[in-house]
Amino acid sequence: MKPDLFQSPDYYLLDDLLSEEHKLVRDAARAWVKKEVSPIIEEYAQRAEFPKQIVKGLGEIGGFGPYIPVEYGGAGLDQISYGLIMQEIERGDSGVRSTSSVQSSLVMYPIWKYGNEEQRMKYLPKLATGEWIGCFGLTEPDFGSNPGGMVTNFKDMGDHYLLNGAKMWISNAPFADIAVVWAKNEEGRIHGLIVERGMEGFSTPETHNKWSLRASATGELIFDNVKVPKENLLPNKSGLGAPLGCLDSARYGIAWGAIGAAMDCYDTALRYSKERIQFDKPIGATQLQQKKLAEMITEITKAQLLTWRLGVLRNEGRATSAQISMAKRNNVNMAIEIAREARQMLGGMGITGEYSIMRHMMNLESVITYEGTHDIHLLITGMDVTGFAAFK
């Protein structure tokens, strides 16, 4: 196992903008990633297996619902703390961050915001510790970027609901204890339902042969006449705006997380450029390699400023969905470009598991697509500035 030598870049002294609590939260997450994730993640990615033994640690560092109030098992932290935790976890691996942000923003968030007190007390404390793992069922085989077209549905059978349909590309599905599932009622209105493992007719087959997010468990959700108790319906919000509100929180976390992946690729390439000798000097002493590194740190710094400001707006309740879309799109694209440039700087070594870059690059191919594709987020910004929807 190679030691984790990561040093976080802070070219514009952005630590000065963080509170002491922010820095303590970030540093605790960073230390945990160095100890528990970095030494094992290449092996698990090669095996295409999620390291389940890290779940308890994710809970301990606030990786599950850090902004959820303390009375429900959360840490009661602010949005910048949440972002910093996602940054550090994704510095380790995007797949591990996926597990964390799905649990936080797509499972705990809707139960906290849209659920009732009984649901909050039943589910949130166990989700916060990682005793239970959840997943989020929105995407369907025929409806990805157009979630409103979903066909998964439920009918009122008097003393329960009868749920039918299927979801796919669901992180955590193969081992999730609960699923927050979005389905249409008989009037075509979208509602959230909490489906629990063990309910008859509910299955979660795993998706295999992925080249991306290999250390993350992905699967399907199949509902074949599943009887869902009426008390498992989330009562406080319905319509497409309900799942989209969850996605806002998740996309915000991704905007921070992508910076972590970019930082890791930059730091690896910078260190390599100082050690790798060609033509009697370090490759870092050549103009082309300095150009690559200078552009990397510039883009990382811009992304850091973007997310910090977005975090302030989130804390104040002023951040818009379109602003979150801009940050998600910009930062993930930034990270994938840095991964590609860093891979080239390492030459042939860049494709091996000796370094993290190729794994980050493959992972980011998923991150740039899920939670709203790169192009859809572009159209969200376009609609916001022009007033015209161009999705069709």
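Taking an unreviewed UniProt entry as the reference, the protein chain is identified by name as glutaryl-CoA dehydrogenase (ETF) belonging to Flavobacterium urocaniciphilum. Checking UniProt for the protein chain, the heading Catalytic activity (unreviewed entry) contains the comment "glutaryl-CoA + oxidized [electron-transfer flavoprotein] + 2 H(+) = (2E)-butenoyl-CoA + reduced [electron-transfer flavoprotein] + CO2". We quote the UniProt Cofactor (unreviewed entry) comment for the protein chain here in full: "FAD".

Let's talk about the overall build of the protein chain
Across its full length, the protein chain carries 10 helices and 9 strands. Taken against the 2.2 N^0.38 rule, which gives 21 Å for 392 residues, the C-alpha radius of gyration of the protein chain at 21 Å falls within 12% of a compact globule. Dimensions of the protein chain, computed from C-alpha atoms along their principal axes, come out at roughly 80 × 45 × 40 Å. Evaluated residue by residue, the protein chain yields a buried proportion of 56% over its 392 residues.

Some words on the nonpolar core
Within the largest apolar cluster, 62 residues are counted, with the highest numbers of intra-cluster contacts made by Ile111, Leu127 and Trp182. Setting aside chain neighbours within four positions, we find Leu127 in contact with Phe64, Gln103, Val107, Met108, Ile111, Trp132, Ile133, Gly134 and Ile178. Ala269, Leu293, Leu364 and Ile368 belong to the second-largest nonpolar core, a separate cluster that totals 34 residues.

Some remarks on the packing of aromatic side chains
Scanning the model with the defined rule gives 13 aromatic pairs in all. Plain terms: the ring middles of Tyr109 and Trp112 are 6.2 Å apart, the flat faces sit at 85° to each other, and that makes the pair edge-to-face. Highlighted residues: Tyr109 and Trp112, both in helix 4 (residues 94–114), separated by 3 residues, approximately one helical turn. Their ring planes at 50° and their centres at 5.9 Å tell us that Tyr123 and Trp132 sit as a pair that is tilted.

Reading the values: rules and limits
Residues numbered from 1 in each chain as written. Predicted model: local features only at pLDDT ≥ 70, side-chain atom pairs only at ≥ 80, totals over all residues. Heavy atoms only, no water. UniProt positions renumbered as here; feature names shortened; annotations may be inferred. Helix = DSSP H or I, 4+ residues; strand = E, 2+ residues; numbered from the N terminus. Rg over C-alpha atoms; globule rule 2.2 N^0.38 Å. Buried < 20%, exposed > 50% of the residue type's maximum accessible area, 1.4 Å probe, protein only. Core = buried A, V, L, I, M, F, W, Y, C linked by side-chain atoms within 4.5 Å. Contact = heavy atoms within 4.5 Å. Phe/Tyr/Trp six-rings, centres within 6.5 Å; stacked < 30°, edge-to-face > 60°.

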